[in-house]
Amino acid sequence: MSHSPSLPDRPRLELDPEMSDAERLEAIRQHFRRIVQVNEELEDRLADAEGRRGELKDDVEQLKRENEVLKTSSLYIASVEEITDDGVVIKQHGNNQEVLTQAASRLDEDLRPGDRVAINDSFAVQQVLDDETDSRAQAMEVTESPDVTYADIGGIDDQIREVREAVEDPLENPEQFETVGVEPPSGVLLHGPPGTGKTMLAKAVANESDATFIKMAGSELVRKFIGEGARLVRDLFELAAEREPAVIFIDEIDAVAAKRTDSKTSGDAEVQRTMMQLLSEMDGFDDRGEIRIMAATNRFDMLDEAILRPGRFDRLIEVPEPGPEGRERILEIHTRDMNVADGIDLGVVASDLDGYSGADIASLATEAGMFAIRDGRTEVRQADFEAARDKLRDADTEDEQVINYQY
Ligand SMILES: Nc1ncnc2c1ncn2[C@@H]1O[C@H](COP(=O)(O)OP(=O)(O)OP(=O)(O)O)[C@@H](O)[C@H]1O
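- Going by the annotation in an unreviewed UniProt entry, the name recorded for the protein chain is Proteasome-activating nucleotidase, with Halorubrum hochstenium ATCC 700873 given as the source organism.

Spelled out as structure tokens, the structure:
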């Protein structure tokens, strides 16, 4: 690298006391010329230096950009499990490996268990990811006012009455419970086969009590949001407090509240943590105002009894598969906006649908409508329902064949 030549010396004016006035004047003139010359020289050098500085600045910007790219492309995602005196315990997403590591000193204050963080190749925490609102949004379905009403639900009138008592009444008349001196149930657990209207029931009660409906699916907590379950459960209750009156609905709660098994894999530990968070939220729930908690499961037999203790899910409501009358009612509901031919006896159609859930009946009605459309008709006939039933039955058998084949 070449060194820049040194700067020109500062010109000096040397006057001899012996000099005549004319000589002095000449010396001053020369000094002046020299100053002008040095000044010009310095200005040139300054212009050169500015140019060079501009080039270096561009180089720095370029390097900064490259550095950013390198930094971001080489970081992995993990969740903070614990902050100990020895360092931070993180769990990597994907392989679930737990690692004791350190955080960059600028992050020391910011880290909290449950945070999503970016780690480098040597596992050091580099960055806290601000995705809280993001995964909240993904993990929770929030509806200000769901459009399901009790009139949309068929065949489970007793269950509707029980849910109204346990959820709607305490939301609408809390004073009444206080005056009488009874505690409303802490949590309501709906259990029964798939597609029988459990989710509908929770939505309808939220709607009819003018409460915000906040749903979280247990299965997603353990499959999609690995390492974030406990934090999302905390967020769920926080969100409900912000939006009260609110109905919290945890679907497929068995995914986070199944009986403990013997295996001690890290996946189990994660599920346990999520369940412990849920229990502690429910236990600390006494004075939280206008929030009701509901959950649903198709696997009641699998539940850990800890979640059924008093103060937790202490009101159990079974939502069974509909009987013939219930099926007829559900069929009426799902055909009420359809142009059904006069004289069709929905009771006869329903009596043939043994083992159908509400969800199956909803698909049957749509399928019958499709048969009419394919046939170029504008009204749905008895034969369409029969054709739809045969089609669904065939599809079911095919599913079973696939399953048999797989196993
Ligand atoms: N009792 C019912 N009355 C009317 N429609 C019903 C009934 N049960 C189910 N359905 C229909 O089936 C759909 C699915 O029902 P829903 O999601 O409430 O069932 P679920 O019991 O929560 O099922 P899962 O256990 O599979 O989550 C509803 O959107 C509705 O169209």
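There's plenty left to go through after this.
**A word on the pattern of salt bridges**
Reasoning step 1: Counted under the stated rule, the structure contains 23 salt bridges.
Reasoning step 2: A salt bridge links arginine 52 to glutamate 55, with the shortest nitrogen-to-oxygen separation between them at 3.0 Å. Of this pair, arginine 52 and glutamate 55 are both found in helix α1 (residues 21–73), three residues apart, which corresponds to roughly one turn of the helix.
Reasoning step 3: According to the relative accessible area criterion, arginine 52 is partly exposed, its value standing at 47%.
Reasoning step 4: The exposure class of glutamate 55 is partly exposed, given its relative accessible area of 46%.
Reasoning step 5: The partner of glutamate 144 in a salt bridge is arginine 243, with the nearest N and O atoms 2.7 Å apart.

**Some words on the nonpolar core**
As a rule of thumb, nonpolar side chains are buried together in soluble globular proteins.
Reasoning step 1: Counting residues in hydrophobic clusters, the biggest one holds 31 residues, and the most contacted among them are Leu236, Phe237, Ile248, Ile253, Ile307 and Phe313.
Reasoning step 2: Contributions of two or more residues to this core are made by β8 (212–217), α7 (229–243), β9 (246–251), α8 (266–283) and β10 (291–297).
Reasoning step 3: The greatest single-element share of this core, amounting to six residues, is contributed by α7.
Reasoning step 4: Look past the residues within four positions of isoleucine 253 in its chain and what remains in contact with it is Leu189, Leu278, Ala295, Ala296, Thr297, Leu303, Ile307 and Phe313.

**Overview of the site of the ligand**
Reasoning step 1: The environment of the ligand is formed by 17 residues, the closest being Gly195, Lys198, Thr199, Asn298 and His334.
Reasoning step 2: For the ligand, a nitrogen atom lies 2.9 Å from a polar atom in the backbone of glycine 154.
Reasoning step 3: Measuring from an oxygen atom of the ligand, one finds a side-chain N or O atom of threonine 199 at 2.5 Å.
Reasoning step 4: Expressed as a share of its isolated accessible area of 630 Å², the protein-covered part of the ligand is 77%.
Reasoning step 5: Class assignment for the residues of the shell around the ligand results in six nonpolar, eight polar and three charged.
Reasoning step 6: Among the domains, domain 3 (138–318) and domain 4 (324–406) are the pair contributing at least three residues each to the shell around the ligand.

**Observations regarding a negative patch on the surface**
Reasoning step 1: Side chains of Glu40, Glu41, Glu43, Asp44 and Asp48 sit close together on the surface and give a patch of like negative charge.
Reasoning step 2: Judged by its relative accessible area of 49%, glutamate 40 falls in the partly exposed class.

**Quick word on the packing of aromatic side chains**
Reasoning step 1: What the rule picks out here adds up to one aromatic pair.
Reasoning step 2: Directly above the ring of phenylalanine 371 sits arginine 374, whose terminal nitrogen or CZ lies 4.9 Å from the centroid.

Reading the values: the criteria
Residues numbered from 1 in each chain as written. Predicted model: local features only at pLDDT ≥ 70, side-chain atom pairs only at ≥ 80, totals over all residues. Heavy atoms only, no water. Salt bridge = Lys/Arg side-chain N within 4 Å of Asp/Glu carboxyl O. Helix = DSSP H or I, 4+ residues; strand = E, 2+ residues; numbered from the N terminus. Buried < 20%, exposed > 50% of the residue type's maximum accessible area, 1.4 Å probe, protein only. Core = buried A, V, L, I, M, F, W, Y, C linked by side-chain atoms within 4.5 Å. Contact = heavy atoms within 4.5 Å. Near = heavy atom within 4 Å. Polar contact = N/O pair within 3.5 Å; in protein donor to acceptor, adjacent residues only side chain to side chain. Areas by Shrake-Rupley, 256 points an atom, 1.4 Å probe, with all protein chains shown as cover. Nonpolar A, V, L, I, M, F, W, Y, C, P; charged D, E, K, R; others polar. Domains from an automatic or database assignment. Patch = residues over 30% accessible without salt bridge, like charges linked within 9 Å, V, L, I, M, F, W, Y side chains within 5 Å. Lys, Arg positive; Asp, Glu negative; His and termini not counted. Charge placed at Lys NZ, Arg CZ, Asp CG, Glu CD. Phe/Tyr/Trp six-rings, centres within 6.5 Å; stacked < 30°, edge-to-face > 60°. Lys NZ or Arg CZ within 6 Å of the ring centre and 35° of its normal.

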